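# Commentary on secondary and tertiary structure
Residues per chain are reported as follows:
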Amino acid sequence: MALETVAPPAPEFKPYVLDTASPAEFTPRAVVLGMLFGIIFGAVTVYVGLRAGLTVAASIPIAVLSISLLRALGRATILENNIVQTTGSAGESVAGGVIFTLPALIFLGFQLEYTRILLLAIIGGILGVLFMIPLRRQLIVKEHGNLLYPEGTACADVLIAGDKGGSFASRVFYGLGIGSLYTLLQNSNAFAIVRETPTYNPGWLPGASLRAAITSEYLGVGYIIGPRIAGVIFAGGVFSWLVMMPAIKFFGSLVPTPIYPSTLPIAQMSSDQLWQYYIRYIGAGAVAAAGLITLIKTTPTIVGALRAGAADLRRTDTGAPTSRGRTSRDLPMTLVLAGSAVVVALMWAFLTFKPVPGAPTGFFANLIASLLVVVFGFLFVTVSSRIAGLIGTSSNPISGMAIATLMATCALFLLAGWTAPAYGALALTIGGTVCIAAANAGNTSQDLKTGFLVGATPAAQQKGLFLGVLASCFAIGMTLILMNKALEKFVPADLAVDVARPPEGVNVESTSFPHDGRTYALLNVIGSTTIAEGKYLLDPATGRVELQWIQGIGSQDAPAPQARLMSVVINGILNRRLPWGLVLLGVFLVAAVELLGIRSLSFAVGSYLSIGTTAAIFCGGVVRWLVERETKTDDEASPGALYASGLIAAGGIMGLLAICVKLLASVQQKVAWLAWLPTQWGKVGEKLGLAGSSALGMLTFGALAFSLYYFARKPLDEGGKD
C-alpha cells in the first residue's frame, strides 16, 4: 500500500532586506527628491496624457534616476531609493486620474478652476492611499503568489540590481538629452525649425488626411506600449481618418445644407472640421462602449476583489499569528477611520461653501454626495488594486470605473430632477474624485509590492505616498490650466445671435468679457441645432459673433479622449442633448472589433485621436518590433525602455517649458520690465526658412527613431553601465 505523501509547507518569503535589518529609509533627502520627482512627472503626465490619451508608469524611470542621483550625493540604501520612487510615482498616478475626468468641465461649458482641481486631486489621491492601508496585508502579503503586480516586480528588480552596483541612468539621460534637443528644434512653441506635424491631404481621397505629430514623447510611448497595442491604436486612427471621414465627405457632399452637429455643409468642410464635428462623437461613443465592455469583462475579478476585501476586514488576529516586525508595520487603522471621516467633512465643506455655480444643493444632499465619494472610492480602490495585481496598471479599466460611478450618480440626479448643466459638473466632481482614488490605488499597490519584495517598511512608504500626492497636486492643476491657456485659439466667426432671446442651447455666460482690449458678450453653446458647440465672443453693439474661442483642451493638440467621453455620458443621461446617431456608430464599431477578438479599448482611443498622434505612436511600436526581432526581450527595464522613458520625459519637460515661454510672451505686452526676456523662439525657424519643411521633419524624426533603435540594441554590461 503506497504511503500518501504530504507536501512540505511553502517556505516563508524573505525580502531582499531582512526584517531584522534597519538601514536608512525615510530620510529627508529621499523624501525631498521623491516629492520633486512627483511634481515633475505629475506635470509631464498631464502634458503627455492630454496629447496622447495614454499614460506611462513612472516608477522605473524614477527608480533609475534616484539610484544615480543619490549615489552622487553619497552612499544610498535600496530602501531610500524605494522611498524616492514611491513618493515620486504618486504624481503620475494622480495626474492620470485628473486628466481622465476633470477636463470634461470644459466640454460641459465650465472653466477650469485651480482651487477646484487642487482640492479634488488631493481628496482623491489621499483616498487611494488611505484605503490601501487595510488592504495591503491581504493583497500584497497573503496573495503574494497569486497577484504578481508586474510593474511593481519589475521596479523591485531595478532597485536590487542598482543596489548590487548596476547603474541604468545613462540610458535615461541619453534619452533626456537627445529628446530635449529634438523637442526644442521641433516644438511649434519653441524654435520651430522642424515642422511639428508633416501633413498630406490626398486630392484623390477627399476628406482624408495623412499626418504625423513627430514628437519625442509619442515615439517613446509607442516603444513602451509595444507593437501590438501601438498597431491597434493606429488601426483606429486609420479607420477614422482614411475610411470614415472620406465616406462622410463622399456622401455628405451631396447634401447642400448642414448636417447636425455641424453648422457647415459637408462639401465645405476640411478634414479637421470633419474630425471636430463628427469623428469626435463617434470616437467618444467608441471609448465609452469599450470602457464599459472592459468593466463587464472584469466583473468576476471585481466580485472576487470585493469578497476578498470583505473577508480580510472581517478577519481577526485569532487566526495565524501575524508578525509585527518592521516589514509588517502599517500606519494604524485609526488613521484610516479618522482620515475617512476627514475626507467626508472636507468634501461636504467643499460642496457647501464652494458649490458649482447654478447647482444649488442642501446640507443633506452634500452629505450624501460626500458619503458616495467614500463608498464608491473604497469599492473601486479595492477593485483597482486587485486588477493591477493581475494584469498590471496599464490595463486597469480606470475609465470604465469612472463611467460606472458617473452613470450611478447621474441616475440619482435624474430621479431628483437635477438635470441642469451645472449638475453635470457636480456629477463630474463625484466621479472625478473616485477616478483619481482608483488610479492612485493601482499605483500604490504596485509601490507596496515593490516595497514587499525589497524589504521596505510599509508605514514609511505610506507616509511617502501621502507626501507625494500633496506635492504633485499643486503642479497638476497648474499644468492643466497652463496647457488650456497656451493652446487656446480665437478664430474669426460671423453669426447673428439675439442675446435677449438666445436660441435653445445658447447661454449667455457673461455680458462683459474682456479680450484684446475690447469687451464682448461670452456665449456658451451646448446642444444647439443651429450653432456649433463651443464658446463665442459677441459684439454687443452689432449683435453679431465675431470670434470663436477654441479651448486648448479638446483641440487636436490636446484632445483628452477620456474626459470627452465623461462629458458624453453626463450629457447623454442628464439632458439627452447628443448626436446619438454618431455616438451609436462608435458603440457598434466597438462591438464589431470585439467580435474580431481584438481588445477594443485601444482601438477606440485610436479612433478618437488624431491620426497624427496614432501614426507617431505606431512608429515607436515598429522600432520596438525591429529591436525584439534581434534581442528577444520585453523587459520593462531594458535599455530601449529606459531610453524611451527619457524621450517621454524630455518631450513633456521641454514642451511645458515652451508653453511657459509662450505665455510669458503674452505677459510681456503688459509688463514692460519683462521685455528683455527672449520669448520669440518660434522666429528662429521662420528666419532660417525651414519651419514649413515636411521633408526635414521626417528626416529628423527618422534620425530620432534610429537613435532609439541603436540604444535599444546596445546592451548594458553586467554592472548595468554603458
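The structure presented is a predicted model; accordingly, all values stated were derived computationally and were not measured. (Residues numbered from 1 in each chain as written. Predicted model: local features only at pLDDT ≥ 70, side-chain atom pairs only at ≥ 80, totals over all residues. Heavy atoms only, no water.)

Of regular secondary structure, the chain possesses 23 helices and 7 strands. Counting over 722 residues, the chain shows a buried share of 57%. In the chain, of all internal contacts separated by at least 6 residues, the share reaching a separation of at least 24 is 80%. Total accessible area computed for the chain in this model is approximately 28900 Å², and 67% of it derives from carbon and sulfur atoms. (Helix = DSSP H or I, 4+ residues; strand = E, 2+ residues; numbered from the N terminus. Buried < 20%, exposed > 50% of the residue type's maximum accessible area, 1.4 Å probe, protein only. Contact = heavy atoms within 4.5 Å. Areas by Shrake-Rupley, 256 points an atom, 1.4 Å probe, with all protein chains shown as cover.)

Take the packing of aromatic side chains next. Under the counting rule described, the total for this entry stands at 18 aromatic pairs. Judged by centre distance (5.2 Å) and plane angle (80 degrees), the rings of Tyr710 and Phe711 are edge-to-face. Taken together, the ring pairs in this structure connect Tyr174, Tyr643, Tyr710 and Phe711 into an aromatic cluster. A cation sits over an aromatic face here: Lys463 above Phe26, 5.0 Å from the ring centre. Just above the ring of Phe107 sits the side chain of Arg564; from NZ or CZ to the centre is 3.9 Å. (Phe/Tyr/Trp six-rings, centres within 6.5 Å; stacked < 30°, edge-to-face > 60°. Lys NZ or Arg CZ within 6 Å of the ring centre and 35° of its normal.)

Here the focus is the pattern of salt bridges. Oppositely charged side chains can pair when the atoms bearing their charge come close. Scanning the entire structure with this criterion turns up 16 salt bridges. Of the charged contacts, one joins Glu113 and Arg116 as a salt bridge, the two residues approaching to 3.5 Å between their closest N and O atoms. Among the ionic pairs, Arg544 bridges to Asp494, the shortest N-O distance being 2.7 Å. With Arg544 in strand E7 (residues 544-550) and Asp494 in strand E3 (residues 489-496), this pair connects stretches of sequence that are 50 residues apart. A relative accessible area of 34% means that Arg544 is categorised as partly exposed. Each of Glu113, Arg116 and Lys354 takes part in one network of salt bridges that share partners. (Salt bridge = Lys/Arg side-chain N within 4 Å of Asp/Glu carboxyl O.)

Turning to a nonpolar patch on the surface, a few remarks are in order. Residues Leu36, Ile40 and Ile653 make up a contiguous nonpolar surface patch of roughly 220 Å² in combined accessible area. On the secondary structure map, Ile653 appears in helix H21 (residues 639-668). With a relative accessible area of 35%, Ile653 lands in the partly exposed category. (Patch = residues over 30% accessible without salt bridge, like charges linked within 9 Å, V, L, I, M, F, W, Y side chains within 5 Å.)

What follows concerns the environment of Ile436. Relative to the helices and strands, Ile436 resides in helix H15 (residues 421-454). Residue classification places Ile436 among the buried positions, given a relative accessible area of 0%. Distance from Ile436 to Gly377, taken between C-alpha atoms, is 9.0 Å for residues 59 residues apart in sequence. Excluding anything up to four places from it in sequence, Ile436 contacts Val94, Gly97, Val98, Leu102, Leu120, Ala121, Gly124 and Gly125.

Moving on: the pairing of strand E5 (residues 518-525). A large share of E5 lies buried, amounting to 6 of its 8 residues. As paired strands, strand E4 (residues 506-515) and E5 are joined by 7 bridges and run antiparallel to one another. Considered in E5, the bridge of His515 is made with Arg518. Count of turn residues in the E4/E5 antiparallel hairpin: 2 residues, of which Asp516 carries a positive phi of about 55 degrees. Pairing between E5 and strand E6 (residues 534-539): 5 bridges, direction antiparallel. Bridge pairing links Leu523 to Tyr536 in E6. (Pairing = 2+ DSSP bridges.)

Once that is clear, we can look at the packing of helix H3 (residues 78-101) against helix H16 (residues 458-486). The geometry of H3 relative to H16 is characterised by a closest axis approach of 7 Å and an angle of 45 degrees between their N-to-C directions. Judged on the interaxial angle alone, H16 and H3 are oblique. Relative to H16, H3 is oriented so that their crossing is right-handed. Touching Asn82, Ile83, Thr86, Thr87, Ala90, Gly91, Val94, Ala95, Val98 and Ile99 of H3 are Ala460, Gln461, Gly464, Leu465, Leu467, Gly468, Val469, Ser472, Cys473, Ile476 and Leu480, all from H16. (Axes fitted to C-alpha atoms, helices over the stretch in contact; angles between N-to-C directions. Parallel < 35°, antiparallel > 145°, perpendicular 65-115°, else oblique. Left-handed = near helix turned anticlockwise from the far one by under 90°.)

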